[in-house]
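Listed here are the chains, written in short residue letters.
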Amino acid sequence: MTELLKAELFGFMLGDGWITTKYNCGFSGDPESLQIAKDDLIDLYGDIGKATIVTKNTVSEKYGIEGTTSSFICNVKIAKEFESLGMPIGKRVEQDFDIPNWILNGSNEIKAAFLSGLYA
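Report on the accompanying structure.

About the cut-offs
Residues numbered from 1 in each chain as written. Predicted model: local features only at pLDDT ≥ 70, side-chain atom pairs only at ≥ 80, totals over all residues. Heavy atoms only, no water. Helix = DSSP H or I, 4+ residues; strand = E, 2+ residues; numbered from the N terminus. Rg over C-alpha atoms; globule rule 2.2 N^0.38 Å. Contact = heavy atoms within 4.5 Å. Areas by Shrake-Rupley, 256 points an atom, 1.4 Å probe, with all protein chains shown as cover. Expected span 1.5 Å × (residues − 1). Buried < 20%, exposed > 50% of the residue type's maximum accessible area, 1.4 Å probe, protein only. Lys, Arg positive; Asp, Glu negative; His and termini not counted. Salt bridge = Lys/Arg side-chain N within 4 Å of Asp/Glu carboxyl O. Polar contact = N/O pair within 3.5 Å; in protein donor to acceptor, adjacent residues only side chain to side chain. Pairing = 2+ DSSP bridges. Axes fitted to C-alpha atoms, helices over the stretch in contact; angles between N-to-C directions.

Here the focus is the overall build of the protein. When you go through the protein residue by residue, the secondary structure sums to five helices and four strands. Secondary structure of the protein in N-to-C order comes out as α-β-β-α-β-β-α-α-α. The C-alpha radius of gyration computed for the protein amounts to 14 Å, which stays within 12% of the reference 14 Å derived for 120 residues, consistent with globular compactness. Across its three principal axes, the protein shows a C-alpha extent of roughly 40 × 30 × 25 Å. Contacts in the protein between residues at least 24 apart in sequence constitute 63% of all its contacts with a sequence separation of at least 6. Just so you have it, the protein exposes about 7100 Å², and 52% of that area is on carbon and sulfur atoms.

What follows concerns helix 1 (residues 2-16). One turn of the α-helix equals 3.6 residues, which is why residues spaced by three or four share an orientation. Taking 1.5 Å per residue as the helical rise, helix 1 with its 15 residues ought to reach 21 Å, and the 21 Å between its terminal C-alpha atoms agrees with that figure. Those residues of helix 1 that fall on the buried side of the exposure criterion are Leu5, Lys6, Ala7, Leu9, Phe10, Gly11, Phe12, Met13 and Leu14. Lining the buried residues of helix 1 we find strand 1 (17-19), strand 2 (25-29), helix 2 (31-45), helix 3 (76-84), helix 4 (101-104) and helix 5 (108-119).

Its place among the elements puts Glu8 in helix 1. Spatially, the C-alpha atom of Glu8 lies 17 Å from that of Ser71, the residues being 63 residues apart in sequence.

With respect to the secondary-structure elements, Lys38 resides in helix 2. Although buried, Lys38 forms no salt bridge, and the nearest oppositely charged side chain, Asp39, lies 6.4 Å from it. A polar atom in the side chain of Lys38 sits 2.9 Å from the backbone oxygen of Ala51. The contact partners of Lys38, leaving out residues within four places of it in the chain, are Ile48, Lys50, Ala51, Thr52 and Phe72.

Moving on: the sheet that holds strand 3 (residues 54-60). What the four strands build is an open sheet, ordered 1-2-4-3; its pairing is antiparallel. What marks the edges here is a single partner per strand, and that holds for strand 1 and strand 3. Going from strand to strand, the sheet's axes swing by 35 degrees on average, the running direction of each strand aside. Pairing geometry for strand 1 and strand 2, over three bridges, is antiparallel. Bridged to Gly17 within strand 2 is Phe27. Helix 2 contacts strand 2, strand 3 and strand 4 (65-74) of the sheet and is inclined by roughly 15 degrees relative to strand 4.

Written out as structure tokens, the structure is:
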């Protein structure tokens, strides 16, 4: 169960999260999905930092985005955990990276959990 949850959260972070080079990390999405992810992270890792879900207006001319977004930020421990799982650091749209072997070579359940998180 733990590996499935890690795969799902990995997919979620890959799709709608980030880790900066200074180990700032977090997730964005709808508030309900974020609450589930936050609860799952706490179940897996205990202390994840304050992780307050914040909703605000956002605009990005570069990516043609305008609207409302929700997100929460985790502590450095979570950033380092996801880095150890193979999460790329920095602007993923500007770098090549591969899905980690533990997912690619994992069971069908691991792959399904990863895809579920990616599309969440």
